[in-house]
Amino acid sequence: HLFFFFLLVPPISSLCSFMTVELGKQWYQRRVRVRNAANRAGESFTALNVDNALDLLANVKNNLKDVERSVAEGTIQPLPRETLESCTADLYGASKQVGSSMVQLLTAANQGNANYTGIAARETANHLGDLISAVRGICACTDDRNDQNVVIDNAKDVLDEAQRMMEYSKVLLNNPESADAAKNLQEANKAVSNAIHNLLNSLPGQKDVDSAIKEIARASVAITDNKFPPIKGESLADLQAAVTEDAAKLNQVSSELVAASRVSPEDLAVVANNFANVYGSTINHSMQLAGATKDAELQSEVIIQLKNCQTASNRLLGLSKLCVADPTTPHLKNNLTQSARSLTDSINNLLNACTSSVPGQKECDNAIRNLETLNNSLQDPSVPVSNENFFDCIESVVDNQRILEDNLKQLPTLAKANDRKAFASSIDEINDALTALSNAAAQTAYLVGVSDPNSTAATPGIVDPELYTDAHRAISAAVEKLTTPDLTQQEVLAAATQIAQYTSKLCNACKAASQKCDNPVAKRHFVQCAKDVANSTAQLVKSIKALATKLTPENREACREAAQPLLVSVEHLRDFALSPEFAPVPAKISPQGKEGQQCVIDAGNKLTGTSTKLLQFSRSLALNPNDGTNMQLLITQAKSVSNAVKDLLDQVKQNVPGQKPCDEAIEKLKGAQTDMEQAAISATAGQLKPMSATNLQGYQTQLDSAAQEIEDLIEPLAESAKSHPEKLGHNVATLSLYFEPVSRATIGAASKLTDMGRQQDLFSQARTLMEAMSDLLGTSKDCGGNPNATALHPKLDDNVDAVKEAVKDLRQTIEMSPEFGKATTLIDNIAKSRATLNEPVEESVPVMSQHEAILNNARAIARAGQDMVGKASLYPDSLSDLAQVISEQYAELVDNVRQCAESMGTEPLKDATDKLANPCAELVKTSAAVGSNPKDTISRRELSEHAKGVAQGVHAILQSLQQSSQGTQACIDTINSIVGITGDLETMQMFARTGALENTGEPFANHRENILGTAKKLVENTKQLVAGAAADQAQLKEAALAAQETISSLAEAVKKGAGALSIDDVETQIMLLNACMDVAKALSNLIDSTKDACGKSSEDPSMDRLKSSAKEMVQSVSSLLKTVKSAEDKASRGTRALEIAVDAVSNDIKALDNATLGAAAASPEDLIRAAKEITQATTKAVAAGNTAKQDDIAAAGNMGRKAITDMLSTCKGASLNAENEALKLKVLQAGRSTSMAYRDMLEYMCESLSGGQPENNNLIEHSKKIAESVKNLIGCAEELKSGADWVNPDDPNVIAENELLNAAASIEAAAKKLSMLQPRKSTKKKVDDSLNFEEQILEAAKAIAAATSALVRVASATQRELAAQGRVNTSNVNKDSIWSEGLVGAARMVAAATSTLCEAANAAVQGNASEEKLIASAKGVANSTAQLLMACMVKADQHSENAKRLQSAGNKVKKAADVLVKAAQSAAVFDDQEVEVSIQSSAVYAMAAELQAQEEILRRERELEQARKQLAKIRHAQTYSFRKLQDNQDT
């Protein structure tokens, strides 16, 4: 052990000795590093097992023995720059590392991972070596021999327990199922933690803090026991004064404790002892004061506040101990300051309870103590005190400055007026303002420090250490409370609640940490720890319930035993979570940053100092308001405080982060621009000398990399300039690093170019980039990270876009350069893709599956080639992107072709793809030449030729693709044809339901054989299709076309057969058409399955689907045959209809789960309607089951089939609107359940009919199941549209609104039709003045249509307004449905009148003019409009905006109608024409003509009278309807 030679030398007495020791330390450190490196290197060459770690641990033990020997001999000496503080910090750091690695060792061993176990064991041994080195340093820096021996003994315990744990981990790895081994390993890990804890507590300074904590616990016994010490003759006033004095001392010593924790353990030990003494005195006097008063409420309040002081004191001492031991722990100083503030608050609350003083005096004392505590946060602002940004701090300073000055102005006035209550309130406001100003100053100082480019801001860790520490402390306290003998039931429940709250927080924290953690072992360990905590908590809760039920010693003991696993789990989790790898990283503030902080710190200290004096004068003035001297001092000090706040605000504004780095970066950019401009001038003069650092491609690569880095940095820069001022300096400084490289690389690249034009282009684009960055930096400086400077943000965004555009142009110029090599890279990529064309793939697919992808790739390549030719002269910069497109698309094309299964058509496709590579490569190569010199006509001509070659290659691919997929394409065409056939059959079915199916008059027997023969032929086609799946595309095409022809013939035959049936056999017609539709759907599924299975192996899953589809096809044909044979058999008609319905419903249920079958979108309202149709079908089925009539049963089966089919289709479409996957599955499951319930009912009816009549009770049970399923389905529909978006389709208001909107749509359609009408062309050559009539009529009709459309739209808005205002009650359907029906009728009348008007206008334009019809139509529009207005105004607010719009729209309609009437009345075309009558000379003929004319007159008069009576009746009915509506409303 030669390295201990330097530990035994005498004290340093000369510079030579110092240098010798320094060299010895360096030699020792290097030897340690070599040893550690050798150990870590050994991990790569030796087995990572626990035995190796045990050997390392043995060496560590030997080192500890050497330290112990040196201590015993008294020869140990500290190394240079080794102090007790630094060694203590090293020991804490090493102990954390040991704890973390031991936890990893425990986790890996429990998981049976030998590799991770060996790694963790080795790391543990290495960290233990670091721990022993820290122990040696502590022993060397300590003179007390007893302290040295205690530290060494505890270090021995740590090593022994660690060795025991490693040995247990070996045992567990060899026997993973052993519960005893796992338990022993867990206990050993706990023993290591306890040993480390004892070692840390034995350190010098730590023991004194622990003693102080124990002293506080002893002094606090009186609080717990509620024992008030006796009074020794003191008066109540004396005790109050003593408590006040002790409180002031306790607050002062707490500030000293915070300061000492940042200095040394020795100082902390002294202050901790003083703190314990002052605390004991405070407790004693406070309890005496509480005992002296007989007020039980006051005594309780004092005890509560003393307990709060005890908690805050313990926390403060604990954090002080941690801070002095490891000051680098993140957020520890901030937590220490917060703890001191908490103690100050507790002291203030204690004084408020114990003392009674003059109003204002107590507030001043509280504020003074608060300022003493706040002053600590300004001493070392290296941690953030809040989440506010810099400008939030400025705003806070400004706001609180105003509050402070307002109170400072009124403070003397309040004192003179002796308004003590207002004076005290003003002091509180001053205290709050000073607190906010102090926090703002501390936060500002921190932000100024971390904003320096050389500083590093604090970063959050994976876990929050305080959460785990607080949870462990709270759970331990709750468990300890549970074991108290005199515990009440309420206290038991409170402790249980506390345990539940904190264990829940721990589990949630573990879940979050496992998601953030990258280490898989740590991730699993967090999850396992959460499980352990949850399980042990559950066991403890059971015991707590028993204890709360019966407070017996047995239950209390059981509760204590059940709590032990929880405590172990929580402690284990806390130790693991406190590992350094999960901890946050503290801020590192550079010397420049600290220098920037100092002015803000000085201003904050000045403010707290002057404010303290102000509060002291205010306190004196509160005692004696008439003291003129204190009044003058208060006024003077208020001015000083006001000046201090102004100085703080000035310092904050002068130190806005990022301003100085922006100025430096702008100057740096100007220097780079100057160098580049000088080089550009030299290049213009032909005097730019080539630079020799690298070649042209090297300079271009440097310039491209620098431009890329700039592009990546501008977005973070802009973001920080908008809202993160503390990051602005860092981003600007990083960006400025690339100014000089861009300038140097630009000059170097230009110097290597021989073409002067290319030189100037390069300089121009680099100059554009420099100017854009200059503008960006200027705007970023102006923004300064202020989120409120929104006026500058658009300008900043424009600057960012300008920089991006400049970078893009510069990089494109570089990339298009032939020397840069991008074209070569793209050509190489094409060649590599071509080479992989014949490589096998894991899973191949049919050609048709890749048809669209291959087609898109080929078209994209052809399009890019044509674009190159078109843009070569106008946009040469775009050639680079097009070349990139060709390379990428060719690579995708090769991948898609490779995945095609081997068949007869794939070889030509692969050959065409292979041949396309050469023209693509040549095109890319030529595009680079054209891009570098767009004026080169030869290159452009070659570009055009190569583009033609690419087009020819793409054409060859398309031809081979078409040839290789002819069968698949035929399948697709056949499926589309079947869709048309199915639609035709549905139309026929619709006619059959209405009884409108035309009867051919032929007997059905004439068509039966044709149907049967065609169906059998279709079965043969089915066999050909199944065989075609294994054949080539030509055979598949032939089979598909044959099937298409046969199904068309079958459909025609079935339609004729259905027409041949009697009109009374409607259900038989529907049943026959349904059977044919089932065959068509089954054939479509079969062809689709054949298409997917074509070319695949027999083991492929698509073959199973093909077999299933073929089986379904045969079943559907068999069903059709049975239906045809029994079509005229009335005895079995119903049973047959039920069988067909059951089969159809089963197939529809299968189709519901088929994702390949799309569905039209449907609304929740559609789903509700479909569900109601099922209810109606169920009712009909139950009724048919009761009657057992075949016709009724057949009708029920057909109706049920249609209802289920429509519902499932609607269900699938409505599920597309679901907000999440769970709701979508719920909707589909509801539809499936409803269908299955209905199918079960149909099956029961079918089985029962074969043996007689179905039992009514069973049918009712089935109907109840269906009703329940329908109810669930409607509930799912309501969930699809939650909130105000969902409407009830049966709501009369909804019906009214829909009808109004439909009427408006009808009117708009009529208006559109009018707009397309033109006046007829005249055949006369002479000008006729009446020809303007058509234009007048059209314009007037258009005006009426537009006005009525607007009127109905406003009426709809009025209806919605009434519903929203609650004037229309949607729950009272009987009452408001009358109003809604009136509104609907009025809207329909407006739409009908408008349509009639359009027809009359059309007749007038066509020359079939009718004055009466046109005028009557216009008046009809006006009358119906008046009725609509009346219906709307019945309930509308006469003064609402919609009512005014409604009245205005009605006036417009009336005015337009009047215009049309006047135009019609004044039109010459409607003038009465003279009728020429030819009278024969014969008297007989004259008499006959006269009689005929009189007859015509009498007939017309009678028709006129009838028309008038009809009009009167219509008007009377309308008047009665609206009067009834109004009466109902009034009622």
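Residues numbered from 1 in each chain as written. Predicted model: local features only at pLDDT ≥ 70, side-chain atom pairs only at ≥ 80, totals over all residues. Heavy atoms only, no water.

### Structural notes on the overall build of the protein chain
Helices and strands together make up the secondary structure of the protein chain, namely 48 helices and zero strands. Taking the contacts inside the protein chain whose residues are at least 6 apart along the sequence as the reference set, 82% of them involve residues at least 24 apart. As displayed, the protein chain offers around 72700 Å² of accessible surface, 51% of which is attributable to carbon and sulfur atoms. (Helix = DSSP H or I, 4+ residues; strand = E, 2+ residues; numbered from the N terminus. Contact = heavy atoms within 4.5 Å. Areas by Shrake-Rupley, 256 points an atom, 1.4 Å probe, with all protein chains shown as cover.)

### Describing the side chain of Ser 1146
On the secondary structure map, Ser 1146 appears in helix 38 (residues 1133-1152). Ser 1146 sits in the buried class, given a relative accessible area of 18%. A distance of 3.3 Å separates a polar atom in the side chain of Ser 1146 from a polar atom in the side chain of Arg 1239. (Buried < 20%, exposed > 50% of the residue type's maximum accessible area, 1.4 Å probe, protein only. Polar contact = N/O pair within 3.5 Å; in protein donor to acceptor, adjacent residues only side chain to side chain.)

### Things to note about the packing of aromatic side chains
All told, the structure shown has one aromatic pair when counted by the stated rule. Aromatic side chains Phe 390 and Phe 391 sit 5.8 Å apart centroid to centroid with 80° between the ring planes, which places their arrangement in the edge-to-face category. Phe 391 carries the same exposure label as Phe 390, and that label is buried. If you follow Lys 505 out to its NZ or CZ, it ends over the ring of Tyr 502, 4.9 Å from the centre. (Phe/Tyr/Trp six-rings, centres within 6.5 Å; stacked < 30°, edge-to-face > 60°. Lys NZ or Arg CZ within 6 Å of the ring centre and 35° of its normal.)

### Focus: the pattern of salt bridges
All chains considered together, the criterion is met by 22 salt bridges. A salt bridge links Arg 560 to Glu 557, with the nearest nitrogen and oxygen atoms 2.4 Å apart. Of this pair, Arg 560 and Glu 557 are both found in helix 19 (residues 553-577), three residues apart, which corresponds to roughly one turn of the helix. With its nearest N and O atoms 2.7 Å apart, the salt bridge here joins Asp 797 to Lys 722. Taken as a pair, Asp 797 in helix 27 (residues 793-816) and Lys 722 in helix 23 (residues 696-723) lie far apart in primary sequence, 75 residues in all. With relative accessibility at 31%, the residue Asp 797 sits in the partly exposed group. The structure contains a network of salt bridges with shared partners spanning Asp 704, Glu 711 and Arg 811. (Salt bridge = Lys/Arg side-chain N within 4 Å of Asp/Glu carboxyl O.)

### A closer look at the nonpolar core
Ranked by size, the top nonpolar core spans 50 residues in total, and within it Phe 390, Leu 404 and Leu 607 carry the most contacts. Put simply, the parts of the chain that give this core at least two residues each are helix 13 (361-374), helix 14 (390-416), helix 15 (420-451), helix 20 (591-623) and helix 21 (628-654). In terms of residue count, the dominant contributor to this core is helix 15 (14 residues). In this view, Phe 390 contacts Thr 444, Leu 447, Val 448, Val 652, Asn 655, Val 656, Pro 657 and Pro 725; residues no more than four positions away in its chain are not counted. (Core = buried A, V, L, I, M, F, W, Y, C linked by side-chain atoms within 4.5 Å.)

### Things to note about the side chain of Thr 444
You can see Thr 444 is positioned in helix 15. The class of Thr 444 is buried, set by a relative accessible area of 0%. In terms of polar contacts, Thr 444 uses its side chain to reach the backbone carbonyl oxygen of Ala 440, at 2.6 Å. Once residues lying within four places of it in the same chain are set aside, the contact partners of Thr 444 are Phe 390, Cys 393, Val 600 and Val 652.

### Observations concerning the packing of helix 16 (residues 465-482) against helix 19
Two numbers describe how helix 16 lies on helix 19: the axes approach to 10 Å, and their chain directions differ by 170°. Classified by the angle their axes make, helix 16 and helix 19 are roughly antiparallel. Counting all contacts with helix 16, which are made through Tyr 468, Thr 469, His 472, Ile 475, Ser 476, Val 479 and Leu 482, the residues of helix 19 involved are Arg 556, Cys 559, Ala 563, Leu 566, Leu 567, Val 570, Glu 571, Leu 573, Arg 574 and Ala 577. For the contact of helix 16 with helix 19, the per-class residue count stands at eleven nonpolar, three polar and three charged. (Axes fitted to C-alpha atoms, helices over the stretch in contact; angles between N-to-C directions. Parallel < 35°, antiparallel > 145°, perpendicular 65-115°, else oblique. Nonpolar A, V, L, I, M, F, W, Y, C, P; charged D, E, K, R; others polar.)

### Let's talk about helix 24 (residues 725-736)
With twelve residues, helix 24 should cover 16 Å at 1.5 Å per step; its first-to-last C-alpha distance of 17 Å lies within 8% of that length. Every buried residue of helix 24 is listed here: Pro 725, Glu 726, Leu 728, Gly 729, Asn 731, Val 732, Leu 735 and Ser 736. At its buried positions, helix 24 is contacted by helix 14, helix 15, helix 22 (659-684), helix 23, helix 25 (739-752) and helix 26 (756-783). (Expected span 1.5 Å × (residues − 1).)

### Observations concerning the packing of helix 23 against helix 26
One way to put it is that helix 23 packs onto helix 26 with a least axis distance of 11 Å and a crossing angle of 20°. Between helix 23 and helix 26, the angle is such that the two are roughly parallel. Here helix 23 and helix 26 pass one another in a crossing that is left-handed. Across the interface between the two elements, Leu 703, Ile 710, Ile 714, Leu 717 and Ala 721 of helix 23 pack against Leu 762, Leu 769, Met 773, Leu 776, Leu 777, Ser 780 and Cys 783 of helix 26. In the contact of helix 23 with helix 26, the residues fall into eleven nonpolar, one polar and no charged. (Left-handed = near helix turned anticlockwise from the far one by under 90°.)

### Things to note about the environment of Lys 542
Position of Lys 542 among the secondary structure elements: in helix 18 (residues 520-549). Among the residues examined, Lys 542 registers a relative accessible area of 55% and is labelled exposed. Along the chain, Lys 542 and Cys 559 lie 17 residues apart, while their C-alpha atoms are 8.6 Å from each other.

### Topic: helix 15
Taking 1.5 Å per residue, 32 residues should reach 46 Å; helix 15 reaches 46 Å between its end C-alpha atoms and fits that length. Within helix 15, 23 of the 32 residues are buried, leaving the element largely enclosed by the surrounding structure.

### Remarks on the confidence of the model for the protein chain
Averaged over the protein chain, the pLDDT score is 76; the fraction of residues at 70 or greater is 76%. The lowest-confidence element of the protein chain is helix 1 (residues 15-45), averaging 47 in pLDDT; the highest-confidence one is helix 22, averaging 89. Contacts from residues 1-25, a stretch scored under 50 in pLDDT, to residues over four places away or in other chains number 32 contacts. (pLDDT = per-residue confidence, 0-100.)

### Focus: the environment of Ser 86
With respect to the secondary-structure elements, Ser 86 resides in helix 3 (residues 84-110). Sequence separation between Ser 86 and Ser 264 is 178 residues; the distance between their C-alpha atoms is 9.7 Å.

### Topic: the environment of Glu 715
Within the secondary structure, Glu 715 is located in helix 23. Through-space distance from the C-alpha of Glu 715 to that of Asp 801 is 9.8 Å; in sequence the pair is 86 residues apart. Sequence-distant contacts of Glu 715, defined by excluding residues within four places in its chain, comprise Val 800 and Lys 804.

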